[in-house]
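Structural overview
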Amino acid sequence: MTSVDNACSLGAAKFLSQSRLRKPLVRDGGSWSETSYEEAIRSAADILAEAERPLLFGWSGTSAEAQCIGIHIAEAIGGVIDNCSSICHGPSLLGIQEAGHPGCTLGTVKNRADLVIYWGSNPIESHPRHLSRYTTFVNGRYREEGHHDRTLVVVDIRKTDTAKIADEFIQIRPGGDYAAFAALRAVLLGHAAILPATVAGIPRERLIWLADLCRNAQFGSLFTGIGLTQSPGRYKNVRSAIQFVDELNRCTKFTLTPMRGHWNVNGTNQTFSYLTGYPYGVDFSRGIPCYNPGETTAVDVLSRGEVDACLVIGADPGAHLPRRCNEHLAKIPTIVIDPFVSLTSSFATLHIPVACVGIDCEGTGYRMDSVPIRLRKVLDLGLPTDEEVLSALLERILERGQAGSAVIDERGAATTTRAPVIM
Amino acid sequence: MNFLITSGRTIAQGNELYYKDRENYSVETGRCFVNPFDLLELDAVAGDSILLSTGTGEEVFTATPCEDVASGTIFLPCGPHANAILHAATHGTGAPDYKWIEGSARRVETLPRSGREILAEEGGAPLPLPEVQSGERGGEAVAIHGAGV
């Protein structure tokens, strides 16, 4: 591949990457050697089935179909399965669980929004096509003049590249989001007079102006970034934002959409919720799905040193988790399933390369507005897909389980939720 | 000097996401964006090495002046350098404090490490680099049409 048309710079870089592996690698001490897919899958199945507290983490960079198989694996081995949303927009989901989700599709934003607010988000750098395809610079059915028909407001702790092109930029003090949303709600409810001179570094008059701008919009869209979910307040910030939007919906139309990151991180929440009842951080160790963020989430089980084996797919904890988690990953058997060399590869016992969804295999992804999109295959590198590798892994694990059950029956031993290992 | 350290995506870091085994990724994740006045206080200029220390650890970054960053805060791109000084507390939510790390900064002579070196210290063993084909990314044969943001 020598060129890419019509992709953003992030997409083009992905297509053009040469950091692809073609054969599974196994680590023996500090050296690596090639192995076969059959042997790699057999070894991975053995590691996961023999673990007492396995973690299956990632899933945001793979298809919804693969995610479903992963959940079945977690159930079969009594493991914890978590996705990247636990470290990014998981708190948004907690806020939504408390207060609901006043959302809409991006197409609705494109066609109707005359006010767009990015709060704690910098899409120019994180989602390069968001403004031009869906929100600001695109012409819509009822916004025929594109950005001339819309007002763009950015609220952030720093003057980001998105803030520089906004019609209005409001700089907020770090950690001040909850207070700012509460103040905006107070203005909407007619209590502007009780506000202090500044709230979270924002002058009272500026907050009154913003509240009026929102109230007078025909259709407003608030996009919330991880600036809200990874700073003090966390899910309470998002809940407060939703409550602000709820107040606005008493007098106009207003929506809220979290700015999801990985291309299919929203898909993980869809598939996890559909199959287990919970969007992330699902623990099958008791034979039923349990969910308790802070306890059953990846950073927590890794930093506590609970996990004794880990499968990483569609994510790179080596690049994005705190060092304490990585130090633990380095101590335990870690299996990486990834089309690319990642930093987590450094901790891997096994790296199984696969086809990349949307490049050399098909798959379903969920856009940030929860619209499912079918990704096409554009070339063939001859690598197995995530679905194929995971299906083989599940099959091998189930075979082991059945063999274990047969032994139990013959011996008349007490039943157990975990299948014993038959070597 | 004490700072509030916050991290997030940059387009340069994002462009290197699928090249993490390459030097450029470490160059981009090893930057720290500092208000020019704070940089003056640190007696440092663009390109100098800045040691950031937190309760979790310390890591060397390359000073990058940035007027967009408020005085008293330092912005780091997502990546292994930022994570090396990030604690693992999630306050019952599952998400660490990527946007809220309290720490201190001072100018040092030591050069920033690569991502692979950081991970090696954390216990990793880097994979052998895949062989790069001639004319790939950045080469003459590559044309990224319509790739602007």
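As shown above, the structure is provided for reference.
Figured I'd write up the structure that's included with this text.

About the thresholds
- Residues numbered from 1 in each chain as written.
- Chains lettered and ligands numbered in written order.
- Predicted model: local features only at pLDDT ≥ 70, side-chain atom pairs only at ≥ 80, totals over all residues.
- Heavy atoms only, no water.
- Contact = heavy atoms within 4.5 Å.
- Buried area = accessible area lost by both parts, 1.4 Å probe.
- Salt bridge = Lys/Arg side-chain N within 4 Å of Asp/Glu carboxyl O.
- Disulfide = S-S within 2.5 Å.
- 1 Å grid on protein atoms, 1.4 Å probe; cavity = no way out; pocket = protein on both sides within 12 Å on 5 of 7 lines; lining within 4 Å.
- Points joined across faces, edges and corners; volume = space filled by probe spheres on them.
- Helix = DSSP H or I, 4+ residues; strand = E, 2+ residues; numbered from the N terminus.
- Nonpolar A, V, L, I, M, F, W, Y, C, P; charged D, E, K, R; others polar.
- Core = buried A, V, L, I, M, F, W, Y, C linked by side-chain atoms within 4.5 Å.
- Buried < 20%, exposed > 50% of the residue type's maximum accessible area, 1.4 Å probe, protein only.
- Pairing = 2+ DSSP bridges.
- Axes fitted to C-alpha atoms, helices over the stretch in contact; angles between N-to-C directions.
- Phe/Tyr/Trp six-rings, centres within 6.5 Å; stacked < 30°, edge-to-face > 60°.
- Parallel < 35°, antiparallel > 145°, perpendicular 65-115°, else oblique.
- Left-handed = near helix turned anticlockwise from the far one by under 90°.

Let us now look at the interface of chain A and chain B. How large an interface is tends to be reported as the accessible area lost when its parts come together. Listed by partner, the interface residues are 72 residues for chain A and 62 residues for chain B. Here chain A meets chain B over a buried area of about 5,600 Å², counting both sides, of which 58% is carbon and sulfur. It is A:Gln18, A:Arg234 and A:Arg323 that lose the most area in chain A upon contact with chain B, and together they represent 14% of the buried surface on that side. Run the count over chain A and chain B and you get three salt bridges.

Residues and elements named next belong to chain A. Under the defined criterion, the tally for this structure stands at zero disulfides over all chains. Of the cysteine sulfurs around Cys88, a residue in no disulfide, the closest is that of Cys84, at 6.7 Å. This cysteine, Cys104, is not joined by any disulfide, and Cys214 carries the nearest cysteine sulfur, 15 Å off.

As a further point, take empty space enclosed by the protein. To find the voids left in a structure, one rolls a probe of water-molecule size over its atoms. Evaluated as defined, the whole model comprises two cavities of 30 Å³ or more. Estimated volume of the largest cavity: approximately 390 Å³. Counting only elements with at least two residues in the lining of the largest cavity, the list comes to β7 (151-156) and α11 (226-229) of chain A together with β1 (2-8) of chain B. Of the residues forming the lining of the largest cavity, the biggest block, three residues, is contributed by β1(B). The residue makeup of the lining of the largest cavity, split by class, is 10 nonpolar, 15 polar and five charged. As a volume, the second largest cavity reaches approximately 60 Å³. As for the second largest cavity, its lining consists of A:Val341, A:Ser342, A:Leu343, A:Ser345, A:Ser346, B:Lys20, B:Asp21, B:Arg116, B:Pro126 and B:Leu127.

With 56 residues, the main nonpolar core has A:Leu55, B:Ile5, B:Ile50, B:Leu52, B:Ile74 and B:Leu76 as its most contacted residues. Counting residues per element, this core draws most heavily on helix α14 (residues 298-303) of chain A, which supplies four residues. Excluding residues that lie within four positions of it along the chain, A:Leu55 makes contacts with A:Val80, A:Asp82, A:Ala298, A:Val301, A:Leu302, A:Val307, A:Ala309, A:Cys310 and A:Leu311. Grouped together as the second largest cluster of nonpolar side chains are 34 residues, A:Ile170, A:Ile202, A:Val238 and A:Val245 included.

Moving on: the sheet that holds strand β11 (residues 219-224) of chain A. All names here are of chain A. With respect to topology, five strands assemble into an open sheet ordered β8-β7-β6-β11-β12, the strand pairing being parallel. Of all the strands in the sheet, the pair left with one neighbour each is β8 (168-171) and β12 (253-258). Taking each pair of neighbouring strands and ignoring which way they run, the sheet shows an average axis angle of 15°. Bridging between strand β6 (residues 115-119) and β11 involves five bridges; their strand directions are parallel. Bridging from a neighbouring strand, Trp119 pairs with Thr224 of β11.

So, about the environment of A:Ile202. All names here are of chain A. Tracing the backbone through its elements, the reader meets Ile202 in strand β10 (residues 202-203). For Ile202, a relative accessible area of 2% corresponds to the buried category. Distance in space between the C-alpha atoms of Ile202 and Ser31 is 55 Å, their sequence separation being 171 residues. If we ignore the near neighbours within four places in the chain, the residues touching Ile202 are Ile170, Gln171, Ile172, Ala180, Ala197 and Leu207.

Side chains carrying opposite charge are able to pair once their charged atoms draw close together. Residue and element names in this part refer to chain A. According to the stated counting rule, one finds 29 salt bridges over all chains in the structure shown. A salt bridge links Glu39 to Arg42; the nearest nitrogen and oxygen atoms lie 2.9 Å apart. Taken together, the positions of Glu39 and Arg42, both in helix α2 (residues 37-50) and three residues apart, correspond to about one turn of that helix. The salt bridge partner of Asp380 is Lys377, with a shortest N-O separation of 3.6 Å.

Below, the discussion takes up the sheet that holds strand β6 (residues 101-108) of chain B. All names here are of chain B. A barrel is described by the order of its strands in space; here six strands give the closed sequence β1-β5-β2-β4-β3-β6, paired in mixed fashion. Ignoring which end each strand starts from, the neighbouring axes of this sheet average 45° apart. The pairing of strand β2 (residues 31-34) with strand β4 (residues 58-65) spans four bridges and is parallel. The residue of β4 that forms the bridge with Phe33 is Thr64.

Bringing the packing of aromatic side chains into the picture now. Residue and element names in this part refer to chain A. Applying the stated criterion across every chain yields a total of six aromatic pairs over all chains. Consider the rings of Tyr278 and Tyr291, whose centres lie 4.9 Å apart with planes at 15°: the pair is stacked. Highlighted residues: Tyr278 in the loop between α13 (265-276) and β13 (282-283) and Tyr291 in strand β14 (residues 290-291), separated in sequence by 13 residues. On the accessibility criterion, Tyr291 (18% relative accessible area) is buried. In textbook terms, an aromatic cluster arises when at least three aromatic residues are bridged by ring pairs, as seen for Trp119, Phe181 and Phe244.

The next point concerns the packing of helix α3 (residues 64-77) of chain A against α13(A). When two helices pack together, their arrangement is given by the angle between their axes and by how far apart the axes lie. Residues and elements named next belong to chain A. α13 packs onto α3 with a crossing angle of 40° between their chain directions and a minimal axis gap of 9 Å. It follows that α3 is oblique to α13 by the angle criterion. Note that α3 runs across α13; the crossing there is right-handed. Facing α3, whose interface residues are Ala64, Gln67, Cys68 and Ile71, α13 presents Gly267, Thr268, Thr271, Phe272, Leu275 and Thr276. Here the contact of α3 with α13 is composed, by residue class, of five nonpolar, five polar and no charged.

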